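Coordinate inspection notes
Listed below are the residues making up each chain.
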Protein chains: 2
Amino acid sequence: MPSYTAPTKDMQFLLHDVLKITEAEIPGYDELERDFTGAILEEAGKISSAVLQPLNTIGDTEGCTLENGVVRTPTGFKAAFEQVKEGGWPGLDMPEEYGGQNMPYVLGTAVGEMFSASNQAFTMYQGLTHGAASAILAHGSDEQKNTYLPKMVACDWTGTMNLTEPHCGTDLGLMRTKAEPQADGSFKITGQKIFISAGEHDMSDNIIHLVLAKITGGPEGIKGVSLFIVPKFMVNEDGSLGARNGVACGNLEEKMGIHGNSTCVMNYDGATGYLLGQEHKGMRAMFTMMNEARLGVGMQGLAQADAAYQNAVIYAKDRLQGRAVTGAENPDGPADPLIVHPDIRRSLMDQKSFTEGARAFILWGATMIDRAHRGGDADADGLISLLTPVIKGFLTDKGYDMTVQAQQIYGGHGYIEEWGMSQYTRDARIAMIYEGANGVQALDLVGRKLAQDGGKHVMAFFDMVKSYIKENAGQDDAFDRDFIEPLKAASKDLQAAGMYFMQNGMKNPNHALAGSNDFMHMFGHVCLGLMWARMAKTSADALAAGTGDATFHETKLATGRYYMARQLPATAMHLTRIQTGADTVMALDAANF
Amino acid sequence: MPSYTAPTKDMQFLLHDVLKITEAEIPGYDELERDFTGAILEEAGKISSAVLQPLNTIGDTEGCTLENGVVRTPTGFKAAFEQVKEGGWPGLDMPEEYGGQNMPYVLGTAVGEMFSASNQAFTMYQGLTHGAASAILAHGSDEQKNTYLPKMVACDWTGTMNLTEPHCGTDLGLMRTKAEPQADGSFKITGQKIFISAGEHDMSDNIIHLVLAKITGGPEGIKGVSLFIVPKFMVNEDGSLGARNGVACGNLEEKMGIHGNSTCVMNYDGATGYLLGQEHKGMRAMFTMMNEARLGVGMQGLAQADAAYQNAVIYAKDRLQGRAVTGAENPDGPADPLIVHPDIRRSLMDQKSFTEGARAFILWGATMIDRAHRGGDADADGLISLLTPVIKGFLTDKGYDMTVQAQQIYGGHGYIEEWGMSQYTRDARIAMIYEGANGVQALDLVGRKLAQDGGKHVMAFFDMVKSYIKENAGQDDAFDRDFIEPLKAASKDLQAAGMYFMQNGMKNPNHALAGSNDFMHMFGHVCLGLMWARMAKTSADALAAGTGDATFHETKLATGRYYMARQLPATAMHLTRIQTGADTVMALDAANF
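What counts, and at which threshold
- Residues numbered from 1 in each chain as written.
- Chains lettered and ligands numbered in written order.
- Predicted model: local features only at pLDDT ≥ 70, side-chain atom pairs only at ≥ 80, totals over all residues.
- Heavy atoms only, no water.
- UniProt positions renumbered as here; feature names shortened; annotations may be inferred.
- Least-squares fit on C-alpha atoms with pLDDT ≥ 70 in both.
- Contact = heavy atoms within 4.5 Å.
- Helix = DSSP H or I, 4+ residues; strand = E, 2+ residues; numbered from the N terminus.
- Buried area = accessible area lost by both parts, 1.4 Å probe.
- Salt bridge = Lys/Arg side-chain N within 4 Å of Asp/Glu carboxyl O.
- Polar contact = N/O pair within 3.5 Å; in protein donor to acceptor, adjacent residues only side chain to side chain.
- Nonpolar A, V, L, I, M, F, W, Y, C, P; charged D, E, K, R; others polar.
- Buried < 20%, exposed > 50% of the residue type's maximum accessible area, 1.4 Å probe, protein only.
- Phe/Tyr/Trp six-rings, centres within 6.5 Å; stacked < 30°, edge-to-face > 60°.
- Expected span 1.5 Å × (residues − 1).
- Pairing = 2+ DSSP bridges.
- 1 Å grid on protein atoms, 1.4 Å probe; cavity = no way out; pocket = protein on both sides within 12 Å on 5 of 7 lines; lining within 4 Å.
- Points joined across faces, edges and corners; volume = space filled by probe spheres on them.
- Axes fitted to C-alpha atoms, helices over the stretch in contact; angles between N-to-C directions.
- Parallel < 35°, antiparallel > 145°, perpendicular 65-115°, else oblique.
- Left-handed = near helix turned anticlockwise from the far one by under 90°.

Chain A carries the name 3-methylmercaptopropionyl-CoA dehydrogenase in an unreviewed UniProt entry, which gives Sedimentitalea nanhaiensis as its organism. Per its UniProt entry, chain A bears the Sequence similarities (unreviewed entry) comment "Belongs to the acyl-CoA dehydrogenase family." Reading the Catalytic activity (unreviewed entry) entry of the UniProt record for chain A gives the comment "3-(methylsulfanyl)propanoyl-CoA + oxidized [electron-transfer flavoprotein] + H(+) = 3-(methylsulfanyl)acryloyl-CoA + reduced [electron-transfer flavoprotein]".

Right, here's the structure in full:
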């Protein structure tokens with residue numbers, strides 16, 4: 001069975017040595033001293049490894065069951081959920097007035113990676129509650145906040161997001177779920193929603209569904225969509241639970257993975273709902289949560305990749321097969337461990353350099369969210385808004401690839417369920433799809449975010465890269481050669497791609513959109529390249545100063561060199577593809593596929 | 001539920017217009033007239049679509065069950081197996097003297113693609129029988145051939161290959177299964193084999209296991225391995241079945257996919273076995289089948305990709321979501337079909353251009369096998385031996401990627417099992433692992449095949465590309481620009497990589513092996529680029545002559561242009577990676593992963 005070790009040391013390095021959070025001048029960050037974050041991460045790591053990880057295989061094997069409308073979660077899930085609640089983890093970054101601990105989002109993200117890596121299906125129950133609570137926090141009336149948030153922050157009540165219908169996912173303007181206004185100001189919600197994660201289960205007293213629906217008589221299409229709070233059990237004025245509402249789970253989906261999470265068909269049959277935010281502004285209410293939710297999904301890509309990588313390393317050191325071509329390294333044994341073989345190394349370095357680079361990118365992104373939300377910094381908000389589709393799309397595409405590579409190291413043992421490596425790929429696969437399929441992320445990036453506010457944010461991104469290069473180049477030849485030059489080249493590729501879009505996208509937008517997937521990937525590489533340069537510089541400085549753990553810093557530098565040499569040059573290929581435009585992509589009549 | 005349409009038209013185009021098989025001067029090919037192959041392919045297509053395809057989901061859902069040592073295959077498998085046998089399909093390319101039809105391997109490969117695409121798990125039962133029968137054909141005594149082959153060619157008896165043990169897969173020298181010589185010339189086989197596909201099931205009267213084992217007292221390691229025939233039921237002198245032999249299925253593996261195939265732990269407990277071929281030369285006997293078996297697995301990568309692609313196209317044309325950015329294409333409907341969107345096109349073109357290129361490569365490779373085996377052509381044998389790891393490794397890596405892309409087009413519907421797209425990825429995953437994991441293929445290519453016979457075969461490959469370019473360049477500017485120039489550039493990259501290995505691999509073989517995976521992929525791209533150039537030229541000539549189906553040929557050209565513009569340039573990235581050598585790959589101590 002797989003194991004999981006929380007990467008607390010790497011996280012501490014990132015938070016304190018690279019991002020220097022206590023000096024970041026973001027409200028709340030001054031409290032995040034090294035010992036304090038260390039204690040929290042250690043505790044989160046313990047519950048991840050000892051409680052959540054052992055349930056990961058059980059959740060996959062048992063899955064959820066639906067009987068007479070009741071969904072049963074896998075053995076042990078409810079007890080573990082109680083432990084997580086008792087530890088106060090669900091409210092870590094929620095406001096104190098609703099029972100939370102008011103920690104910054106960056107800390108919630110670090111903890112979230114551990115929880116997700118040890119048990120993604122389980123962690124989604126609290127993740128969706130967090131998302132629904134954030135929506136109520138942002139758009140709810142005081143009464144709504146007081147009614148729902150204390151229970152949701154504690155996870156006594158869990159939450160869901162109801163967007164998709166059988167005939168529409170991305171294009172929510174096609175939605176059919178109706179909301180009939182009632183005399184008392186409430187609405188009767190009728191319709192069917194599908195793919196509702198945690199839609200029904202046995203781990204909480206109540207479930208608060210956030211449901212997108214169209215108020216009868218409102219505008220057509222996406223402009224007529226509103227957001228509603230639909231509790232599973234009605235809530236009495238004194239906060240106690242009342243009658244069952246007209247919402248029920250009609251079916252559980254059989255899925256490729258995340259079996260431990262109940263993915264429900266939800267039927268709304270005149271269910272009582274309460275408008276959240278303004279009429280017909282449901283999409284706006286959804287979008288305020290999007291950046292956080294998508295960053296959270298990007299984090300899942302990294303989390304599954306790291307968990308799979310950790311196990312692949314253990315196997316590669318343990319499994320004896322063949323001899324090193326440069327001479328036996330385990331001469332007294334019957335064979336050498338897999339890890340002596342260059343192509344196994346290549347695969348492990350792909351995984352390691354991705355995972356550590358992605359972790360830096362995610363935590364840096366979380367500081368941007370804190371800077372925007374806690375500090376009211378509009379530039380940070382614009383920058384993270386630009387990068388959100390990159391974080392979501394690139395990290396989940398690559399994260400999935402890495403789970404496949406980790407599985408591959410096991411040979412045939414990777415294909416049988418007994419070893420648990422198949423689950424990592426099956427679970428990681430969903431992150432490329434939900435919260436907006438990665439093709440939609442690429443479209444969002446190229447079709448919307450690039451030009452947002454007159455291209456201001458993408459220019460700010462390039463300025464950030466240029467400033468970094470200017471400040472750090474020319475001090476050390478090896479650093480220039482290994483980090484600065486590759487970063488420069490990749491950044492130049494990215495700029496050339498943007499230029500191609502500007503010059504050709506105006507006359508035919510397909511010239512830009514046909515390259516959207518490549519652009520998202522090259523953008524991701526440049527971001528990870530920048531992160532690796534920053535990490536490497538930090539480690540090089542520490543080594544020069546003789547501070548910290550020399551082996552850790554040398555390993556960090558070597559891993560960074562690998563990324564810059566072997567991964568970052570992918571930008572040139574993406575640029576080549578982009579510059580061929582839309583002609584070959586759009587050449588065929590639909591009938592000729 | 002997914003559907004499958006056999007690509008008979010494309011196969012006929014390849015066999016007759018591109019490969020011109022009747023003019024190929026390969027023994028047996030003169031019979032392969034267009035009408036004749038057309039009739040066979042149509043029949044094979046019918047049974048694939050109508051019989052095998054409907055059982056694909058059933059096989060995945062039900063899987064196999066083991067009870068009291070008896071393995072039950074999914075509902076309908078046995079009846080379908082009878083239909084396949086009645087059609088004479090298992091013996092299509094087997095010798096007439098054992099009941100086969102003596103057709104060339106190229107035709108068996110085309111039919112195999114259809115069977116595999118419609119139901120990989122099912123088709124493996126006959127595929128393994130084919131492999132075992134081929135081994136007996138190549139290495140068996142006349143008595144062994146007469147005893148086993150007529151039954152195996154008819155699939156009345158099926159076959160298996162037993163190599164892997166719990167502690168050894170690739171490194172078979174570590175094997176522990178023992179063979180004790182008996183006074184009557186037979187052996188008593190004792191040991192455990194794992195991952196034995198079709199090891200036990202209810203579809204045939206007998207199962208003929210080919211088992212690698214070490215004769216007691218023989219040489220250590222791989223030089224002491226011999227191959228044995230171990231029947232499930234002993235065969236009496238009159239050909240009737242006798243007592244049960246000492247071999248039994250100890251367990252069925254739970255796998256990520258190919259649930260319809262029984263993957264068994266096989267326990268040999270003093271089972272009677274008969275030496276096949278020479279003592280201690282078991283590996284040589286295995287290797288004579290390797291090229292065919294690995295080409296067959298490469299074909300599975302293509303087959304799953306094509307089946308998944310076909311369904312993705314149907315969904316992309318059917319599912320309405322969003323509007324074309326260049327103006328509504330379905331203005332009377334609520335939205336446009338997915339296929340209007342450039343990134344959906346990009347994905348479908350990736351799939352289509354891979355699948356058709358891979359099919360050309362596989363069928364061309366099959367003609368090389370026929371040229372070698374039927375025509376005794378040592379050069380063809382050397383060339384296909386060089387390219388075998390490319391066919392196996394590249395086509396299964398890419399084939400898997402394509403099933404993931406096809407699944408992605410379905411959004412959330414791709415993740416739930418109901419739509420069947422998850423099965424394509426789960427089934428395709430195994431092809432990257434079995435018959436030698438793809439890392440081992442890359443090692444075989446770079447560590448063994450490149451230098452084989454003094455590098456003669458790789459030089460022959462480059463000569464083939466150069467001759468093609470020389471014969472076809474300079475006749476048409478558009479063809480030069482779209483096909484010749486990209487092929488030249490990619491081939492130059494491949495040569496530069498080979499040169500890097502020669503110059504650096506001598507002083508440190510890791511400099512070559514660290515680039516083995518990249519080299520295998522760039523080699524695959526060059527092969528598909530060559531195939532696309534050949535197909536495009538054929539279609540361009542047909543259009544110029546006004547012969548054939550103009551739409552088919554125009555589509556072929558457009559698809560080829562896509563591959564050359566968007567896929568082939570990946571060679572430059574692989575070359576860049578290769579030229580960074582082993583330093584960053586091997587930098588870390590194993591302890592620091």
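1. Quick look at the relation of the copies chain A and chain B
Turning chain A through 180 degrees and shifting it by 0.0 Å along the axis lays it on chain B, with an RMSD of 0.0 Å. Here the symmetry operator amounts to a two-fold rotation axis. For chain A, the minimum C-alpha distance to the rotation axis belongs to Met573 of chain A and amounts to 3.1 Å. When the interface residues of chain A are mapped onto chain B, 100% of them again fall at the interface, so both copies present the same face.

2. Regarding the UniProt feature "domain: Acyl-CoA oxidase/dehydrogenase middle" (unreviewed entry) in chain A
Those residues carrying the UniProt feature "domain: Acyl-CoA oxidase/dehydrogenase middle" (unreviewed entry) are residues 161–269 of chain A in this numbering. Taken end to end, residues 161–269 of chain A is 0% helix and 50% strand, and its first and last C-alpha atoms sit 17 Å apart.

3. Comments concerning the interface of chain A and chain B
The partner chain B presents 93 residues to the 92 residues of chain A that form the contact. A combined buried area of about 7500 Å² lies between chain A and chain B, and 61% of that area is made up of carbon and sulfur atoms. Considering only the surface of chain A that becomes buried against chain B, Tyr415, Arg566 and Phe593 of chain A emerge as the three largest contributors, covering 13% of it. Remark: the boundary between chain A and chain B carries two salt bridges. Arg566 of chain B is the salt-bridge partner of Asp518 of chain A, the closest N and O atoms lying 3.5 Å from each other. Linking chain A with chain B are 41 residue pairs in polar contact (both at pLDDT 80 or more), by the criterion used here. A per-element tally of the side of chain A that touches chain B places helix H18 (residues 550–567) of chain A first, with nine residues. Of the residues contributing to the side of chain A that touches chain B, the split by class is 43 nonpolar, 30 polar and 19 charged.

4. Considerations on the environment of Tyr105 of chain A
All names here are of chain A. By the element assignment, Tyr105 lies in helix H5 (residues 105–118). Using a relative accessible area of 12% as the deciding quantity, one classes Tyr105 as buried. When the C-alpha positions of Tyr105 and Met506 are compared, they lie 38 Å apart, and in sequence the two are 401 residues distant.

5. Brief notes about the environment of Gln53 of chain A
All names here are of chain A. Turning to its location among the elements, Gln53 is positioned in the loop between helix H2 (34–52) and helix H3 (54–62). A residue is classified by how much of its surface remains accessible, and Gln53, at 3% relative accessible area, is buried. Each C-alpha atom of the pair Gln53 and Tyr563 lies 29 Å from the other, and the pair is 510 residues apart in sequence. Apart from residues no more than four positions distant in its own chain, Gln53 is found in contact with Pro2, Ser3, Tyr4, Ser48, Ala117, Ser118 and Tyr424. Separated by 3.0 Å, the side chain of Gln53 and the backbone oxygen of Pro2 make a polar contact.

6. Side note on the packing of aromatic side chains
Residues and elements named next belong to chain B. Scanning the entire structure with this criterion turns up 32 aromatic pairs over all chains. When the ring of Phe77 is compared with that of Phe122, the centres are 5.3 Å apart and the planes differ by 75 degrees; the resulting orientation is edge-to-face. A residue pair is termed long-range when its members are at least 10 positions apart, and Phe77 in helix H4 (residues 77–86) and Phe122 in helix H6 (residues 120–139) qualify at 45 residues. With relative accessibility at 0%, the residue Phe77 sits in the buried group. Summarising the aromatic geometry, the rings of Phe519 and Phe523 are spaced 5.7 Å apart at their centres and angled 80 degrees between planes, so their arrangement reads as edge-to-face. Separated by four residues within a single helix, Phe519 and Phe523 lie in helix H17 (residues 516–545), roughly one turn from each other.

7. Brief notes about helix H12 (residues 421–429) of chain A
Along an α-helix, residues three or four apart share an orientation, since each turn contains 3.6 residues. The buried count for H12 of chain A comes to nine of nine residues, which makes it a mostly enclosed element. When H12 of chain A is considered as a whole, its buried residues turn out to be Met421, Ser422, Gln423, Tyr424, Thr425, Arg426, Asp427, Ala428 and Arg429 of chain A.

8. Examining helix H14 (residues 452–472) of chain A
All names here are of chain A. Counted at 1.5 Å a residue, the expected span for H14 with its 21 residues is 30 Å, and the 30 Å between its end C-alpha atoms agrees. Turning to H14, its buried residues number three or more, namely Gly455, His457, Val458, Phe461, Phe462, Val465, Tyr468, Ile469 and Asn472. After H14 finishes, the residue Gly474 shows a positive phi value of roughly 80 degrees.

9. A word on the pairing of strand E6 (residues 206–215) of chain A
Regular strands place their side chains on alternate faces of the sheet. Residue and element names in this part refer to chain A. Most of E6 is tucked away, with ten of its ten residues classed as buried. Sheet topology note: the strand E4 (residues 178–181)/E6 ladder contains two bridges and is parallel. Counted as the bridge partner of Lys178 is Lys214 from E6. Direction of pairing for E6 relative to strand E7 (residues 225–231): antiparallel, over a ladder of seven bridges. Bridge pairing in E7 places Leu212 opposite Leu227.

10. Focus on the layout of surface pockets
Its boundaries defined by the atoms lining it, the second largest pocket holds a volume of some 1100 Å³. Lining the second largest pocket are 42 residues, and of these Glu254, Lys255 and His259 of chain A together with Asp60 and His259 of chain B sit closest to its centre. In terms of residue class, the lining of the second largest pocket is made up of seven nonpolar, 19 polar and 16 charged.

11. Description of the packing of helix H9 (residues 342–373) of chain B against helix H10 (residues 378–409) of chain B
Residues and elements named next belong to chain B. Taken N-terminus to C-terminus, the directions of H9 and H10 make an angle of 155 degrees; their axes are 9 Å apart at the nearest point. Overall, the two elements H9 and H10 adopt an arrangement that is roughly antiparallel. Handedness of the crossing formed by H9 with H10: left-handed. Here the contact of H9 with H10 is composed, by residue class, of 20 nonpolar, six polar and five charged.

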